[in-house]
Amino acid sequence: MTVEGAGITEREAEVLRAIGERFRNREIAERLHVSVRTVESHVAALLRKLGAADRAALVEAGAALRRGPRAAPGLPAPLTTLVGREREGEEVGALLDAHRLVTLTGPGGVGKTRLAVHVAGGRVGGGVRFADLAPVTPDLVGDVVARALGVVPEPGRSPAEVLADAAAGLDGLLLVDNCEHVVAAAADVVAALLRAGGPLRVLATSREPLGVPGEVTYQLRTLDVPPAGAVTTAEIARPAAVRLFVDRATAAVPGFALTDGVAPAVAALCQRVDGLPLAIELAASRLRTFGPAELVEHLDRRFDLLSAGARTTGPRHRTLRGAIDWSYELLDDDERALFDRLGVFPADFDYDAVRAVHGAGGESVLTVLPRLVDKSLVTSLVNAAGGDTRRYRLLETIRAYAAERLAAGGREPDARARHAAHYLAFAGRAADGLRHAGQRAWFQRAAAEQPNVRAALAYTVDTGDTDAAWRCVAALERFWDLAGQRREAHEWIQRILALGDPAPSPGAVAGLAAASTLLHASDSRTALDLAERAARLAEGQDRLTRATAARAVGMCAMWIRPEAARPALHDALAGFDDDLPWDRALTMQGLVTISQALGEALQWGRDSVTLFLRAGDQVYAANTLYMMAQRAMSAGIAGAEVHGWLTQSRAMAEAAGSEADIVHAGVGLANLAWVRGEDADAADRMRDLLPALRRLGDRRCAGRALYVLGEHARRTGELDRAGELLRAGAEAVLVAGQSVVLVLALEALAALAAAQERPEAAAVLLGAAAHRREAAGAHLRPAQPADEDLRRRLTGTLGAEAFDSAYARGRELAPEGALRTYTLLSL
């Protein structure tokens, strides 16, 4: 379903955008200052014009419209014109129209990425997503693809599995670039996406096919060169290779023209490099120093040597290697030294990073780097993260060559150490920036530098520097959380834990505490174990370090050991002085959930929001407002003040660009409708939100949504559907920990089993729910009491002895066991 060409009006587009933000009709009317009836009319028109089946489909279309008609996160902005690929572009586009997976294959330097970006940039409808696999290892392929698609991989599940679950709701085009060095992992991920059967299409680039069923390969060949008999300038000028050379030559030497005097040499040069685009561009950049005839002479000598010494390699490989070797040999010593060190960067980088890895000696980076750009060995990029700072990168083929030279020269260990030190320091600055005003810009900077930070973290693991590794985890915690990269964080945490127990230090404590926070949402028990390890290491350390560990214990214990959470958080608060407002605010946020008295909890929330806003952290301020609202609704309060908190939370989240918090506010508004008794509205809202919650990996809120949908289905007589939804809701919160939803879901399943005339299963579930109620703190239990009428009816049906036996059996069962019993007794 695409918006383009559907004939929607400007007002209908405004309504569609608001639907994409998951506003209800009443809220859209308030925003646009129109009547609800007018909004309903626009919604009906949108359903008709877009051919949408329901409002959920409009939500997806509206979200796509908000992102722009051709959203392309990270799609490289072409800095040069595409020359000589008109036919290929049309053919690849036609293949994408007919097939769900098209892979561009061909040798390095043939222009696969450039053509793929051109084709992707011309697509309309559904948006374009870009995943660059050049800087990643096989274990991170799924995470990079997931991030490109806006999907959050969960710890404990493979990215392919998570992507498969989300893929049915994804459309548009995914461009997966540079697959050749991770081809098996890329094939697994792409296959998972395609098996889901959604409308998503994939365009991949690789030196070899992925080997996925349904794949169509398009071999990109080198550019046409002048035929051997070409004599006239007009004949020589026609082939694509010559047109590319002239285009790049004109950029390097303004005023260059293909005259009768130089045309034969240009033809010979294009023939000599077999029409390989990268080799042509490298040669054209040298026109500042050599004429075309001299270029041919230099290349001839280089290729003669290659042909004599490497006859077992393919001719295209020898052509490319020769062109790069030749360009390298023309560098002076300072240029070679810097070029070699640039091989340490896995992706693009900025000037400060070049200075950091270059070290002392030789000419300054300020003089040498521009010369490498002029010679087309380094590409200058527009800064995608915004700002005036220019970024640079090496094409992957050239980067691999530079890395090879760096290793051969024995300077790789020093370059990696310098690189790691620079990016570990950057991670620390980014961690601070993500807590304060300007956090959105810092997030973009951190995202741009992630491949380099990954390499720095890998260096600390490879060298066994556990303290530096844990310090890096602490620095990256906020970025990983905001980016939804908890699964990748989990993988790094496991690798660092495998290094052995760290020595007691503030860095190790901060890292373990951060690790516990990252895992808390998906595995609260493992998270608490890490927090307690941090607390043991913190003994004897400074006050701030002890407070950091205590807060981690308090945050992780609140759902599974609430009696330990409150004192730990108060200890932490006492350890954070007034000059650490952000840390105090975060600790107060934990007290919103754990404080038993509602008034006390809400006051902690107000104080927390005040401090977060003073620090400039709108994301956590929004999250605290959401938590305050949830706490109030758990006590049965659903007035205008609660609605105001949720509305303010959503506005802050939108300003900060935090999709997770926008969705949380939506969950809060849906829950508000539920508490107010507006069951159908609440169910509609939760149904709209569920795909995003699953994509974001938010098990707790997904569990709440599934409970509302399941209980609504039970109340409206859809018993089989209710059973599926309620069980799924309980399972979603089991690992993450959410006692309120778990108790409610178990009690609803008990009522459902009774309605299905399965009294024994109902009694078991009631017993399990009662045990969970009692185990939770008073503030973590549902506000409404258990259904005593249901208990009396079951006792009457089974008899007191049989009921008591089943009820007692349920109290002894873990929730997982109770759910299994429900299933077995339903067979």
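My aim in this report is to walk through the structure given alongside it, one point at a time. Fair warning: this is a prediction, and the values are worked out from it, not measured in the lab. (Residues numbered from 1 in each chain as written. Predicted model: local features only at pLDDT ≥ 70, side-chain atom pairs only at ≥ 80, totals over all residues. Heavy atoms only, no water.)

Concerning the overall build of the chain
Here is the rule: Numbering of helices and strands runs from the N terminus; a helix is a DSSP stretch of H or I covering at least four residues, while a strand is a stretch of E covering at least two. To get the radius of gyration, use the C-alpha atoms; to get the globule rule, take the number of residues to the power 0.38 and multiply by 2.2 Å. Burial here depends on accessible area, computed with a 1.4 Å probe over protein chains only, as a share of the maximum for the residue type. Under 20% is buried, over 50% is exposed, and the range in between is partly exposed. When checking whether two residues touch, look at their non-hydrogen atoms; a contact exists if any pair is within 4.5 Å. Computed by Shrake-Rupley with a 1.4 Å probe, the accessible areas treat only the displayed protein chains as cover when residues are assessed. The positive count covers Lys and Arg only, the negative count covers Asp and Glu only, and His and the chain ends enter neither. Each charge is placed at NZ for Lys, CZ for Arg, CG for Asp and CD for Glu.
Helix and strand content of the chain: 41 helices and eight strands. For the chain, whose C-alpha radius of gyration is 30 Å, the value lies close to the compact-globule estimate of 28 Å for 827 residues. When its C-alpha atoms are laid out on the principal axes, the chain stretches across 105 × 65 × 50 Å. The burial tally for the chain puts 56% of its 827 residues in the buried class. For the chain, the proportion of contacts with a sequence separation of at least 24, taken over those separated by at least 6, is 72%. About 33,000 Å² of surface is accessible on the chain, with carbon and sulfur atoms providing 51% of the total. Positive and negative side-chain charges of the chain, numbering 96 and 104 respectively, have mean locations separated by a distance of 1 Å.

A word on the packing of helix α27 (residues 543-557) against helix α28 (residues 562-575)
For clarity, the cut-off: Where helices are involved, their axes are fitted lines through C-alpha atoms of the stretch in contact, as for all axes, and angles between N-to-C directions lie from 0 to 180°. Orientation is classified from the angle alone, with under 35 degrees giving roughly parallel, over 145 giving roughly antiparallel, 65 to 115 giving roughly perpendicular, and any other angle giving oblique. For any helix crossing, the convention is left-handed if the near helix is rotated counterclockwise from the far helix by under a right angle, and right-handed if that rotation is clockwise. Under this grouping Gly is polar, as are all residues other than the nonpolar Ala, Val, Leu, Ile, Met, Phe, Trp, Tyr, Cys and Pro and the charged Asp, Glu, Lys and Arg.
Between α27 and α28, the shortest axis-to-axis distance is 7 Å and the interhelical angle comes to 155°. For the element pair α27 / α28, the angle class is roughly antiparallel. Our pair here, α27 against α28, has a crossing hand that is left-handed. Seen from α27, the contacting residues are Arg 543, Ala 547, Ala 550, Arg 551, Val 553, Gly 554, Met 555 and Ala 557; seen from α28, they are Pro 562, Ala 564, Ala 565, Ala 568, Leu 569, Asp 571, Ala 572, Ala 574 and Gly 575. Taken together, the residues of the contact of α27 with α28 sort by class into twelve nonpolar, two polar and three charged.

Quick notes on unusual backbone geometry
Here the phi dihedral of Ser 376 falls at roughly 65°; this positive angle occurs in a residue that is not glycine. With respect to the element layout, Ser 376 can be found in the loop between α18 (365-374) and β7 (379-381). Exposure remark for Ser 376: the relative accessible area of 26% places this residue in the partly exposed category. One non-glycine residue, Glu 757, lies in positive phi territory at about 60°. Looking at the secondary structure, you find Glu 757 in the loop between α37 (739-755) and α38 (759-775). Of the residues examined, Glu 757 reaches a relative accessible area of 71% and is grouped as exposed.

Brief notes about the nonpolar core
Formally: Buried Ala, Val, Leu, Ile, Met, Phe, Trp, Tyr and Cys residues that are joined via side-chain atoms within 4.5 Å together make up what is termed a nonpolar core.
Counting 222 residues, the largest nonpolar core has Leu 203, Phe 245, Phe 339, Leu 342, Phe 349, Trp 480 and Tyr 707 as the members making the most contacts within it. When residues of this core are assigned to their parent elements, the largest contribution, twelve residues, is made by α37. Excluding anything up to four places from it in sequence, Trp 480 contacts Gln 450, Leu 457, Val 473, Gln 485, Arg 486, Glu 488, Ala 489, Trp 492 and Leu 518. Residues Leu 101, Leu 140, Val 162 and Ala 166 belong to the second largest nonpolar core, which totals 35 residues.

Let's talk about the packing of aromatic side chains
Cut-off, in case you're wondering: Any two of the Phe, Tyr and Trp rings considered here, Trp counted by its six-membered ring, make a pair once their centres fall within 6.5 Å; the pair's planes then place it as stacked at under 30 degrees, edge-to-face at over 60, or tilted in between. Geometrically, a lysine NZ or arginine CZ counts as sitting over a ring once it is within 6 Å of the ring centre and also within 35 degrees of the ring normal.
Scanning the model with the defined rule gives 13 aromatic pairs in all. On the basis of an interplanar angle of 70° and a centroid distance of 6.1 Å, the ring pair of Trp 582 and Phe 612 is categorised as edge-to-face. One end of the pair, Trp 582, is in helix α29 (residues 581-594); the other, Phe 612, is in helix α30 (residues 598-615), with 30 residues separating them in the sequence. Classification of Trp 582 by relative accessible area gives buried; the value is 6%. Aromatic rings pair up to connect Tyr 328, Phe 339 and Tyr 401 into one cluster. Between the NZ or CZ atom of Arg 445 and the centre of the ring of Trp 442, over which it lies, the distance is 4.2 Å. Residue placement shows Arg 791 over the ring face of Tyr 807; its charged tip is 4.4 Å from the ring centre.

Here's the deal with the pairing of strand β2 (residues 128-132)
Here is the rule: Only when DSSP finds a minimum of two bridges between them are two strands counted as paired.
Along β2, five of the five residues are buried, which leaves the element largely enclosed by surrounding structure. Relative to strand β3 (residues 173-177), β2 runs parallel, the two sharing five bridges. Each bridged residue has a counterpart across the sheet, and for Ala 131 the counterpart in β3 is Val 176.

Topic: the pairing of strand β1 (residues 101-105)
Of all five residues in β1, five are buried; the element is thus mostly enclosed. Looking at chain direction, β1 and strand β4 (residues 201-206) are connected through five bridges and run parallel. Bridge pairing in β4 places Leu 104 opposite Thr 205. Pairing of β1 with strand β5 (residues 216-219), which is carried by four bridges, proceeds in the parallel orientation. Looking at the pairing, Thr 105 lines up with Gln 219 of β5.

Examining empty space enclosed by the protein
Quick reminder of the rule: Grid points spaced at 1 Å and placed over the protein atoms alone form the basis of the search, with a cavity being a set where a 1.4 Å probe fits but cannot get out and a pocket an open set showing protein on both sides within 12 Å along at least five of seven lines. Lining residues have an atom within 4 Å of a point. Grid points are joined across faces, edges and corners, and a volume is the space filled by probe spheres set on the points.
With the rule as written, the count across this model stands at two cavities of 30 Å³ or more. Here the largest cavity is characterised by a volume of approximately 110 Å³. Around the largest cavity sit 16 residues that line it, and Ala 446, Gln 450, Val 453, Leu 476 and Phe 479 are the ones nearest its centre. Per-class residue counts for the lining of the largest cavity are twelve nonpolar, one polar and three charged. Estimated volume of the second largest cavity: approximately 40 Å³. Lining of the second largest cavity is provided by Leu 342, Phe 345, Pro 346, Ala 347, Asp 348, Phe 349, Arg 393, Leu 394, Glu 396 and Arg 399. Among the residues making up the lining of the second largest cavity, the classes are represented as six nonpolar, no polar and four charged.

Brief notes about the environment of Ile 280
Inspection of the secondary structure puts Ile 280 in helix α13 (residues 277-285). The contact partners of Ile 280, leaving out residues within four places of it in the chain, are Ala 241, Leu 244, Phe 245, Cys 270, Val 273 and Gly 275.

A few points about helix α35 (residues 699-715)
Let me state the cut-off plainly: A helix is expected to reach a length of 1.5 Å times the quantity of its residues less one. For the purposes of these results, a polar contact is taken to be a pair of N or O atoms within 3.5 Å, where, inside protein, one atom must be able to donate a hydrogen and its partner to accept one; residues adjacent in sequence count only when each atom of the pair is a side-chain atom.
Here α35 contains 17 residues, and its C-alpha end-to-end distance of 24 Å stays within 8% of the 24 Å for a straight helix at 1.5 Å per residue. When you tally the buried positions in α35, you get 15 out of 17 residues, the bulk of the element. The N-terminus of α35 is capped by Asp 698, whose side-chain oxygen sits 3.4 Å from the backbone nitrogen of Arg 700. The first or second residue beyond α35 is Gly 717, which carries a positive phi of 90°.

Section: the sheet that holds strand β6 (residues 349-350)
Ordered in space as β6-β8-β7, the three strands form an open sheet in which the pairing is antiparallel. Looking along the sheet, the strands with just one partner apiece sit at the ends: β6 and β7. Pairing analysis gives three bridges linking β7 to strand β8 (residues 391-393), with the strands arranged antiparallel. Paired with Thr 379 across the bridge in β8 is Arg 393.

Re the sheet that holds β3
Ordered in space as β2-β3-β4-β1-β5, the five strands form an open sheet in which the pairing is parallel. Two strands close off the open sheet at either side, each with one partner strand: β2 and β5. In this sheet, adjacent strand axes meet at a mean angle of 20° when their direction is disregarded.

What about the side chain of Arg 55?
Under the convention used in this document: Here a salt bridge means any side-chain nitrogen of Lys or Arg lying within 4 Å of a carboxyl oxygen belonging to Asp or Glu.
Mapped onto the fold, Arg 55 is located in helix α4 (residues 55-67). Of the side chains with opposite charge, Asp 688 lies nearest to the buried Arg 55, which makes no salt bridge, at 4.1 Å. Of the polar contacts made by the side chain of Arg 55, one reaches the side chain of Asn 25; its length is 3.0 Å. Discounting residues that sit within four places of it in the chain, Arg 55 has contacts with Ile 19, Phe 23, Arg 24, Asn 25, Ile 28, Val 43, Leu 47 and Asp 688.

Take it as geometry only, folks, not as evidence of what the structure does.
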